[in-house]
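Listed here are the chains, written in short residue letters.
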Amino acid sequence: MVPSVDYTIIIPHYNIPELLVRCLKSIPARDDIQIIVIDDGSNERNKSILKEIEQTFPYIQFIYQENLGGGAARNKGLSIATGKYILFLDADDYFNYCINEILDQYKHSDFDITFFNVNAVDTDLYTQSYRCIHINKMFNLYTNDKKKGEFQMRYAYGEPWGKIIRHDLIIKNNIQFEETSIHNDTQFSYQTGFYAKKIFVDQRAICCITNRTNSVSKKLSADRLLTRVAVFSRQFKFLKEHGISFLDNRIFLSFDYCKKNNLKQELRECYSIASKYGLSHSKLSSFHRKMILKKRAEFISRIISKIKK
């Protein structure tokens, strides 16, 4: 495919048209950008508002589909993307003022992925949020240890936003989003991280991630507990098959939740799913112990560092 523009920005949307307007206003109107909004089955009221928004932004492509989830929406966007580079943004988030300068700087780069830092605020109060602290820690780690920092960015930076990704990398390796109820972006992120030959790390915060109490990502159910285990078990298997030892710590959120709430049946199902991908009960326990010991050592190190100061 010969790219017709430098960048494609893909934005999934579901029932938050007012916040979408804030998002769209943060994107500079440039001839070298294709902007795609995929509405994932919003209700009729919000779809009507979206139609009005569409008239306000005639240079933006609006696609309407039934409610299939964020993964399906992003896959739809990828199927019609024409940019040399791909960026993702959620409808309740927005780009920071540096976006124009960043787009100018990287339009002729040869990086497969450029990783950017992000900041986070409450969506209504604009007060600081800690939703992106795990990303901020990766960039701090990269500053002190590039090898470890790069590893984390490739395999633990699970969100699709905050990156400029070469479109050819996605096409060549047939990379798609999983269409799961939670963590649908995990597979896309670790596979692009694995196949990327040349990456670059830019410490600027390219976008602002907002925190909403009623966000879809905060809803919990038995299905989501099991899906989380399946997603991160598949990640473990993929990376192991390619000679990389890594298990995302977020897999333990499901196990810990089941134990804390005495969900015995769900806990058994979690172990059963993990075992299908080569994660036995004993192997999970071993990883879990190592994670706890690592966190304890990091905590002690921080205390000692503060005392020395």
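These numbers come from a predicted model, not from an experiment.

A.B. asks: How should I be thinking about the packing of aromatic side chains in this particular structure?
C.D. replies: By the definition in use, this model includes 19 aromatic pairs. Their ring planes at 80° and their centres at 5.4 Å tell us that F88 and F188 sit as a pair that is edge-to-face. Of the two residues, F88 is situated in strand β4 (residues 83–88) and F188 in helix α8 (residues 186–195); the sequence distance between them amounts to 100 residues. Ring geometry for F255 against Y271: centres 4.8 Å apart, planes inclined by 50°, an arrangement best described as tilted.

A.B. asks: I keep staring at the side chain of Q34 and nothing clicks. Help me out?
C.D. replies: The topology assignment puts Q34 in strand β2 (residues 33–40). Note on Q34: relative accessible area 8%, which makes it buried. A polar side-chain atom of Q34 sits 2.6 Å from a polar atom in the side chain of T8. Excluding residues that lie within four positions of it along the chain, Q34 makes contacts with V5, Y7, T8, I9, Q61, I80, A81, T82 and G83.

A.B. asks: Would you mind showing me how to read the pattern of salt bridges here?
C.D. replies: Evaluated as defined, the whole model comprises 13 salt bridges. Notably, a salt bridge pairs K107 with D32, separated by 3.2 Å at the nearest N-O pair. Taken as a pair, K107 in the loop between α4 (99–106) and β6 (113–122) and D32 in the loop between α1 (17–25) and β2 lie far apart in primary sequence, 75 residues in all. Each member of the pair K107 and D32 is classed as buried. Note that D112 is salt-bridged to R166, the shortest N-O span being 3.8 Å. A residue pair is termed long-range when its members are at least 10 positions apart, and D112 in the loop between α4 and β6 and R166 in strand β7 (residues 163–166) qualify at 54 residues. Both residues of the pair, D112 and R166, count as buried. Each of D6, R30, D32, D104 and K107 takes part in a single network of salt bridges with overlapping partners.

A.B. asks: I tried to follow helix α6 (residues 146–155) on my own but got confused; where do I start?
C.D. replies: Looking only at α6, the buried set comprises G149, M153, R154 and Y155. Tucked inside the fold, the buried residues of α6 contact β6, α5 (133–144), α8, β8 (199–211) and α9 (222–241).

A.B. asks: Can you walk me through the sheet that holds β2 in this structure?
C.D. replies: The strands that make up a sheet pair up through hydrogen bonds in the backbone, lying either parallel or antiparallel. Strand order in this open sheet of 8 strands is β3-β2-β1-β4-β7-β6-β8-β5, and the pairing throughout is mixed. The two strands at the open ends of the sheet, each matched to only one other strand, are β3 (61–65) and β5 (94–95). Note that β6 and β8 share 10 bridges and pair parallel. Each residue of the ladder has a partner; that of I113, found in β8, is I199. Sitting on the sheet, α8 touches β4, β6 and β7, and the angle it makes with β7 is about 60°.

A.B. asks: Explain the environment of L226 to me, please; I cannot follow it from the model alone.
C.D. replies: Tracing the backbone through its elements, the reader meets L226 in helix α9. In this structure L226 comes out as buried when scored by relative accessible area, which is 16%. In this structure, the C-alpha to C-alpha distance between L226 and E266, residues 40 residues apart in sequence, is 7.5 Å. Sequence-distant contacts of L226, that is, excluding residues within four places in its chain, are made with E266, E269, C270 and I273.

A.B. asks: When you look at the environment of D92 in this model, what are you seeing that I'm missing?
C.D. replies: With respect to the helices and strands, D92 occurs in the loop between β4 and β5. The class for D92 is buried, based on a relative accessible area of 8%. Along the primary structure D92 and D122 are separated by 30 residues, whereas in three dimensions their C-alpha atoms are 11 Å apart. Sequence-distant contacts of D92, defined by excluding residues within four places in its chain, comprise I16, L19, R22, T123, T210 and R212.

A.B. asks: Is there a simple way to explain α9 in this structure?
C.D. replies: Its 20 residues place the ends of α9 29 Å apart at the C-alpha level, agreeing with the 28 Å of an ideal helix rising 1.5 Å per residue. One or two steps after α9, the chain reaches G243, where phi turns positive at roughly 80°.

A.B. asks: How should unusual backbone geometry be read in this particular structure?
C.D. replies: Apart from glycine, the bulk of residues carry a negative phi angle, and the bulk of peptide bonds sit in the trans form. Even without being a glycine, Y126 presents a positive backbone phi close to 60°. If you trace the backbone, Y126 turns up in the loop between β6 and α5. The residue H183 is not glycine, and still its phi comes out positive at about 55°. By secondary structure assignment, the location of H183 is in the loop between α7 (167–172) and α8.

A.B. asks: Explain the pairing of β2 here, please?
C.D. replies: Burial of β2 is extensive: 8 of the 8 residues sit out of reach of the surface. The side-chain alternation of β2 yields two buried faces, one formed by I33, I35, V37 and D39 and the other by Q34, I36, I38 and D40. Across 7 bridges, strand β1 (residues 5–13) lies against β2 in parallel orientation. Each residue of the ladder has a partner; that of Y7, found in β2, is I33. Assessed by its sense of winding, the connection that carries the chain from β1 through α1 to β2 is right-handed. Alignment of β2 against β3, held across 5 bridges, turns out to be parallel. Residue pairing in the sheet places I36 in a bridge with Q61 of β3.

So, how was this worked out
- Residues numbered from 1 in each chain as written.
- Predicted model: local features only at pLDDT ≥ 70, side-chain atom pairs only at ≥ 80, totals over all residues.
- Heavy atoms only, no water.
- Phe/Tyr/Trp six-rings, centres within 6.5 Å; stacked < 30°, edge-to-face > 60°.
- Helix = DSSP H or I, 4+ residues; strand = E, 2+ residues; numbered from the N terminus.
- Buried < 20%, exposed > 50% of the residue type's maximum accessible area, 1.4 Å probe, protein only.
- Polar contact = N/O pair within 3.5 Å; in protein donor to acceptor, adjacent residues only side chain to side chain.
- Contact = heavy atoms within 4.5 Å.
- Salt bridge = Lys/Arg side-chain N within 4 Å of Asp/Glu carboxyl O.
- Pairing = 2+ DSSP bridges.
- Axes fitted to C-alpha atoms, helices over the stretch in contact; angles between N-to-C directions.
- Expected span 1.5 Å × (residues − 1).
- Right-handed = clockwise from strand over helix to strand, strands pointing away.

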